[in-house]
Every structure is written in structure tokens, then in C-alpha cells.
Amino acid sequence: MKKHNFSAGPCILPQEALQQASQAILNFNNDNLSLIEISHRSQPFIDVMDKARSLVKELLEIPEGYSILFLQGGASLEFLMAPLNLMQNEGKAAYTNTGAWAKKAITEANNIGEVIVVGDSSDKNYNYIPKGYQIPNDVDYFHCTSNNTIYGTQMKEFPSCPTLMVCDMSSDIFSRKINVNNFDLIYAGAQKNMGPAGTTLVILKDEILGKTERKIPTMLDYKTHIKKDSMFNTPPVFPIYVSMLNLQWLKDLGGIETIEKINQEKAKILYAEIDRNPLFTGTANKEDRSNMNICFLLKDASKEELFNQLCDDAGINGIKGHRSVGGYRASIYNAMPIDSVKVLIDIMKKIK
Ligand SMILES: *Cc1c(COP(=O)(O)O)cnc(C)c1O
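So, how was this worked out
- Residues numbered from 1 in each chain as written.
- Predicted model: local features only at pLDDT ≥ 70, side-chain atom pairs only at ≥ 80, totals over all residues.
- Heavy atoms only, no water.
- Pairing = 2+ DSSP bridges.
- Helix = DSSP H or I, 4+ residues; strand = E, 2+ residues; numbered from the N terminus.
- Axes fitted to C-alpha atoms, helices over the stretch in contact; angles between N-to-C directions.
- Contact = heavy atoms within 4.5 Å.
- Domains from an automatic or database assignment.
- Buried area = accessible area lost by both parts, 1.4 Å probe.
- Salt bridge = Lys/Arg side-chain N within 4 Å of Asp/Glu carboxyl O.
- Polar contact = N/O pair within 3.5 Å; in protein donor to acceptor, adjacent residues only side chain to side chain.
- Nonpolar A, V, L, I, M, F, W, Y, C, P; charged D, E, K, R; others polar.
- Core = buried A, V, L, I, M, F, W, Y, C linked by side-chain atoms within 4.5 Å.
- Buried < 20%, exposed > 50% of the residue type's maximum accessible area, 1.4 Å probe, protein only.

## Quick look at the sheet that holds strand β12 (residues 293-298)
Strand order in the open sheet formed by 3 strands is β11-β12-β14, with antiparallel pairing between adjacent strands. Edge positions in the sheet fall to β11 (280-282) and β14 (328-331), since each has one partner strand and no second. Geometrically, the sheet is characterised by an average inter-axis angle of 35° between neighbouring strands, direction not taken into account. Bridge count for β12 against β14 is 4 bridges, and the pairing is antiparallel. Within the sheet, the bridge partner assigned to Ile 294 lies in β14 and is Ala 330. Contacts from helix α7 (residues 255-276) reach β11, β12 and β14, with the element oriented near 15° to β12.

Below, the structure is given as C-alpha cells:
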């Protein structure tokens, strides 16, 4: 029996996508060649890339004037590429510090220019989303993290921004409606809610580029990849293909509007059990709770062994919390069926 995969990333993917992907490894398009041995310049792969791009555009309703890229290096490389491409020489940028990933983004930006931290939740181990901060208007851009994968907090609203708006959406892209018009640069490592590890989705407004005097190394320059439709060098064909299958699955399901409702329902029933059950407690500030990563503790740590055993027996995988928070983290990305969430809830109800 397939396990209930609550892993925080790499994430669960729809079974249909995995089946089609495994078939494509053996025999792609009934052409008796594998997807991973054909030229990335061949028409069958160009079609995959075009399809992936057009699904991203359609699902997120991306307006004209934006480019959609599939890059490598993970979201972690975007921590560097964003400041390299957007910061002036001796430039400044404003960042929120809402978790370990935000902190890494800040570290990289600090290598390029000056970072002003405008909202910081490190005082409470990142269990809330800072609000009410001012973004100075003399910075080159503002950077935030929409969903903090490790701490289970999520921005429900985005601040109005007097400068370019950059967002790391790695762990909640395609999970809810966003207005792309409000953002200038969005990036997301595929392996949280889009596909397997190995590609990074970048969505950026073309007009923001070319404004820095800095000399940008070729591979780190967004313009390089825009000019070559993400095929400046050999693209990661398999992760892009599987992402495309997953996005096709999402479209067939009804798109973002449908999945957002499903995601809200999954999160609602799990949080309801955490709040109802005296044995458990949620770690994130209620109003900032993530609908993707649900972090909770067993109040009586001596019951952990039993709980872990029951989860194991039920085929539940990947709910151990990140070491910096402890306890448990149930990641309920798009492909996680509500029935799997109910299996977890039943165990929570059962333990005494
Ligand atoms: C996982 C994660 C990252 C890092 O992604 P990589 O693709 O592994 O570099 C960055 N930001 C957030 C919010 C994440 O969840």
C-alpha cells in the first residue's frame, strides 16, 4: 500500500503524474526513446517546456510582460540571483526575517549590498508573521517569504510595497490564488509543491532587469535565461517534465480556485483536531497558521513513542518536526488527499 506522505519536501506528487513519469523514462511519446536520453533541443522536449510554461501562466494568471523560467540551483541560488540582478552597486534591500530560509536569503543579499530587516519574528522562534512594518522607499527591492516551511507560518496578506516586491514562494506556490501583478519577482524550488527537486520556477517582470551597473556572471543573469527560453544550457528535463504533469493534474482538477478550497479544508480539519485534543498544541500563532505545513507538539513527550508507532503502523511518513521546532509537522501540499489527513486525525483521536 502506498504510504501517506506528509514530507515537507521533496513533496508528495499525484499518483497519475508518477505513473506517467515512469512511463516516460522507458518510452516517451511512444517513440521508443526515453525522455531522459533525447535531445533537449528536439521538438518533443521543446513541447514539454512550452507546455510547462503555459500551464504556469494559465494557472497563476500571469499577465503580459512577465517571463517564466525553469532554472537550476534551487531556491537557494535565487537567494543570490535576486540581489545580483536587482541591487544597485552599493544598493540596499529590505527583508523580512521570518525563518531559516529568510535568514539564508538575507545572508546572501548581505554579500551583495546592504540589508535592512524590516520585520523580524526571531524573538519567538519564528512562530508568527511580523506585521505593520514600514518598507523604506529608497531600497532597491523588498523581499519576503510567503510560507515558512519549517515553522508553519504563512503570510495571509502582503504589504503594500513602495519598491520592487520579491517573494520566495517555494512552499505555497500553486496552493492559493495570488495576484502576480503585485509581485516583480517570484521564485520557488519545485520540490515543495510543484514537482521533484532539480528545477526552480522563476516568474519575473521583464522591465525590472537591466537597471544595475553590476557585471553579472552569465549563468546568474536572468536575461541569459530569458533570451534562451530557459535553454541556455541543458535544462533539467525530468524535473520540468514531472512539474508539467503535476500542473496538468492541477488544471484538470479545476485549477487554483479548486485546490485552494481543498487545501483550506484539509488544514481546517487538522487544526481543529489540534485545538480540540488536549494532548496536542499547535506551535504557530493562530492567525498566521500555514495551510501547507502544520506544526504541532504532543504536550506529554512520553506519549511520543506510542504516537510514532501508531503513525508508522498506519503508513504515515514524514511528520517529524524540523529539529529547530521539534514535535511534528504535517505537510499537506496540493497532492495530499484529504483522506490521508483523516488517517492522521484518527490516530490523534485514538491516542490516550
Ligand atoms: C525548501 C525551501 C527553500 C530552499 O529550497 P532549495 O530548492 O532546496 O534551495 C527556500 N525557501 C523555502 C521557503 C523553502 O521551503
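## Digging into the domain arrangement of the protein
What the domain assignment lists for the protein is domain 1 (15-252) and domain 2 (255-350). Inter-centroid distance (C-alpha atoms) of domain 1 to domain 2 is 27 Å. Listed by partner, the interface residues are 26 residues for domain 1 and 24 residues for domain 2. Buried area between domain 1 and domain 2, summed over both chains or domains, comes out near 2100 Å², and the portion from carbon and sulfur atoms is 51%. The largest share of the area that domain 1 buries against domain 2 comes from Ile 150, Gly 152 and Ser 175, three residues that together contribute 22% of it. Where domain 1 packs against domain 2, one counts 2 salt bridges. Across the pair Lys 131 and Asp 288 runs a salt bridge, and its minimum N-O distance is 2.8 Å. The interface formed by domain 1 and domain 2 contains 17 residue pairs in polar contact (both at pLDDT 80 or more). Only β7 (153-154) and α6 (237-253) provide two or more residues apiece to the side of domain 1 that touches domain 2. Tallied by class, residues from the side of domain 1 that touches domain 2 come to 9 nonpolar, 10 polar and 7 charged.

## Overview of the nonpolar core
Among the nonpolar cores identified, the biggest contains 85 residues, and Val 56, Leu 60, Phe 174, Ile 203, Phe 307 and Leu 344 are the most heavily contacted of them. The biggest single contributor to this core is α6, with 9 residues. Residue assignment places this core across two domains, with domain 1 (15-252) and domain 2 (255-350) each supplying three or more. When residues no more than four places from it in sequence are discounted, the contact partners of Leu 60 are Ile 173, Phe 174, Ile 178, Val 180, Ile 203 and Ile 256. Core analysis: the next-biggest nonpolar cluster, separate from the first, contains 28 residues, Met 81, Leu 84, Val 115 and Tyr 141 among them.

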